[in-house]
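Tertiary structure, described
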Amino acid sequence: MVKTYFDEPPKTKWNVLSLGAGVQSSTLALMAAKGEVTPMPDFAIFADTQSEPESVYKWLDWLEKQLPFPVYRVTNGDLKAETLKIRTKTKSIYGDGIPYLRTLIPVYGLLKNGEVKPALGRSCTADFKVAPILKEIRKLCGIKRGQKEVTVTQWIGISYDEMQRMKLPSNKWTQHRWVLVEKKMTRSHCKEWLKRNGFPEPPRSACYFCPFHDNDEWRRLKTDDPDHFKKAVEFDKTYRKLQNENPGGFNIEVYLHKSCKPLDQVDFSNEEDRGQLGFDFQSECEGMCGL
Ligand code: SF4
């Protein structure tokens, strides 16, 4: 039979679970713990952007205790701090020494003519999720420089309803496995499985300021976690201010919300302000952020 991404891939020496700590990857971890998926992962890795709400860290503390395999937490730094860091351009067409901010997260840009540039250049998933996870796997699994032999199967918690987020690995020594896709399990199926097995439902796992939040998620943050909503409002303001003061050659205003209104002025129930999820997220998130 021809193998497809929907089948279990060939066995490898190592099985590693990328744990985003949201509904899907948490379900996957607990299914493995109960022996409903084999083989047992050797370990799981959680990449910490240091910008998740407290509920996610609490959930992770709880989840670790349920699992028979270790969970390693890795980080590539504080995504919020790195986003707000003022950098200096060298060898730029605008000249050397020009201050600017990197567009690490998928912010929306408002041009002078009123045009909105959706989800401007973004590298947070690659730099703060994928890169630290791969670095740790290389270390723990003894991957040699230039290795071409596939020795690691990386389990990614993408569910059947989010198949468009599946991506092939960027290196030769890993193969990806999408167990929930193999089992045709959607996000709702994951929630049902958790309930059926007496587990609580995980919180949404994503940076509290993520511009890919849809309006329901922003509303939930505002109602259930006002402290983090307040921090997101502050972050939105500060980022725009710093970007305006240090444009680095770009004349663009940055916003966390697609409406290009300050976050505390958005009516999350207004249809005109809806539709945050864009194709960029669907195709690029790779299941590492548990949005
Ligand atoms: S949750 Fe959003 S901001 Fe955070 S790493 Fe993922 S895409 Fe970037």
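This text gives an overview of the structure that appears in the document. Everything numeric here is computed off the predicted structure, so don't read it as measured data. (Residues numbered from 1 in each chain as written. Predicted model: local features only at pLDDT ≥ 70, side-chain atom pairs only at ≥ 80, totals over all residues. Heavy atoms only, no water.)

1. Observations concerning the overall build of the protein
When you go through the protein residue by residue, the secondary structure sums to nine helices and 10 strands. At 20 Å, the protein has a C-alpha radius of gyration in line with the 19 Å of a compact globule built from 291 residues. Projected onto its principal axes, the C-alpha positions of the protein cover 55 × 45 × 35 Å. Across the 291 residues of the protein, 52% fall into the buried class. In the protein, of all internal contacts separated by at least 6 residues, the share reaching a separation of at least 24 is 68%. Surface summary for the protein: the accessible area is close to 14100 Å², and the carbon and sulfur share equals 52%. In the protein, the 45 positive side-chain charges and the 39 negative ones have mean positions that sit 5 Å from each other. (Helix = DSSP H or I, 4+ residues; strand = E, 2+ residues; numbered from the N terminus. Rg over C-alpha atoms; globule rule 2.2 N^0.38 Å. Buried < 20%, exposed > 50% of the residue type's maximum accessible area, 1.4 Å probe, protein only. Contact = heavy atoms within 4.5 Å. Areas by Shrake-Rupley, 256 points an atom, 1.4 Å probe, with all protein chains shown as cover. Lys, Arg positive; Asp, Glu negative; His and termini not counted. Charge placed at Lys NZ, Arg CZ, Asp CG, Glu CD.)

2. Regarding helix 1 (residues 23-33)
Counting buried positions over the 11 residues of helix 1 gives 10, a clear majority of the element. Taken together, the buried positions of helix 1 are Val23, Gln24, Ser25, Ser26, Thr27, Leu28, Ala29, Leu30, Met31 and Ala32. Against strand 1 (14-18), helix 2 (54-66), strand 8 (152-156), helix 5 (179-182) and helix 6 (187-196) lie the buried residues of helix 1. Gly35 occupies a position one or two residues after helix 1 and carries a positive phi of about 80°.

3. What about the environment of Glu64?
Its location among the elements puts Glu64 in helix 2. The exposure class assigned to Glu64 is partly exposed, which follows from its relative accessible area of 29%. Between the alpha carbons of Glu64 and Leu30 there is a distance of 9.9 Å; along the sequence they are 34 residues apart. Residues in contact with Glu64, not counting those within four places in the same chain, are Val71 and Arg73.

4. Some thoughts on the pattern of salt bridges
When the charged atoms of two side chains with opposite charge come close together, those side chains can pair. Per the counting criterion, the structure on display carries 20 salt bridges. Of the charged contacts, one joins Glu182 and Arg177 as a salt bridge, the two residues approaching to 2.8 Å between their closest N and O atoms. Assessed through its relative accessible area of 21%, Glu182 is described here as partly exposed. (Salt bridge = Lys/Arg side-chain N within 4 Å of Asp/Glu carboxyl O.)

5. Digging into the sheet that holds strand 7 (residues 116-117)
In sheet architecture, strand pairing relies on hydrogen bonds along the backbone and comes in two forms, parallel and antiparallel. The three strands lie next to each other as 7-6-10, forming an open sheet whose pairing is antiparallel. For this open sheet the edge positions go to strand 7 and strand 10 (252-255), each flanked by a neighbour on one side alone. Across four bridges, strand 6 (residues 108-111) lies against strand 10 in antiparallel orientation. Bridge assignment links Leu110 to a residue of strand 10, and that residue is Glu253. (Pairing = 2+ DSSP bridges.)

6. As for the pairing of strand 2 (residues 43-48)
Judged by how many residues are buried, strand 2 sits mostly within the fold: six of six residues are covered. Residues Phe43, Ile45 and Ala47 point to one face of strand 2 and Ala44, Phe46 and Asp48 to the other, with burial holding for every one of them. One ladder, built from three bridges, connects strand 1 with strand 2; its direction is parallel. Note that in strand 2 the partner of Ser18 across the bridge is Ile45. Handedness of the β-α-β unit built from strand 1, helix 1 and strand 2 comes out right-handed. Inspection of the sheet shows strand 2 paired to strand 3 (residues 71-75) by five bridges, in the parallel sense. Each residue of the ladder has a partner; that of Ala47, found in strand 3, is Val74. The β-α-β motif built from strand 2, the intervening helix 2 and the parallel element strand 3 has right-handed crossover chirality. (Right-handed = clockwise from strand over helix to strand, strands pointing away.)

7. Section: the side chain of Ser51
Relative to the helices and strands, Ser51 resides in the loop between strand 2 and helix 2. Assessed through its relative accessible area of 1%, Ser51 is described here as buried. The residues contacting Ser51, other than those within four sequence positions of it, are Tyr57, Asp78, Leu79, Lys80, Ala206, Cys207, Tyr208 and Phe209.

8. Details of the packing of aromatic side chains
In the structure shown here, the tally under the stated rule is 10 aromatic pairs. With 4.4 Å between their ring centres and 20° between their planes, Phe209 and Phe235 make a pair best called stacked. In this pair, Phe209 sits in the loop between helix 6 and helix 7 (215-224) while Phe235 sits in helix 8 (residues 226-245), placing the two residues 26 residues apart along the sequence. Phe235 shares its class with Phe209; the two are buried. Of the aromatic side chains, those joined through ring pairs into one cluster are Trp59, Trp62, Trp193 and Phe199. The ring of Tyr100 has Lys89 sitting right over it, with the charged end atom 5.3 Å from the ring centre. (Phe/Tyr/Trp six-rings, centres within 6.5 Å; stacked < 30°, edge-to-face > 60°. Lys NZ or Arg CZ within 6 Å of the ring centre and 35° of its normal.)

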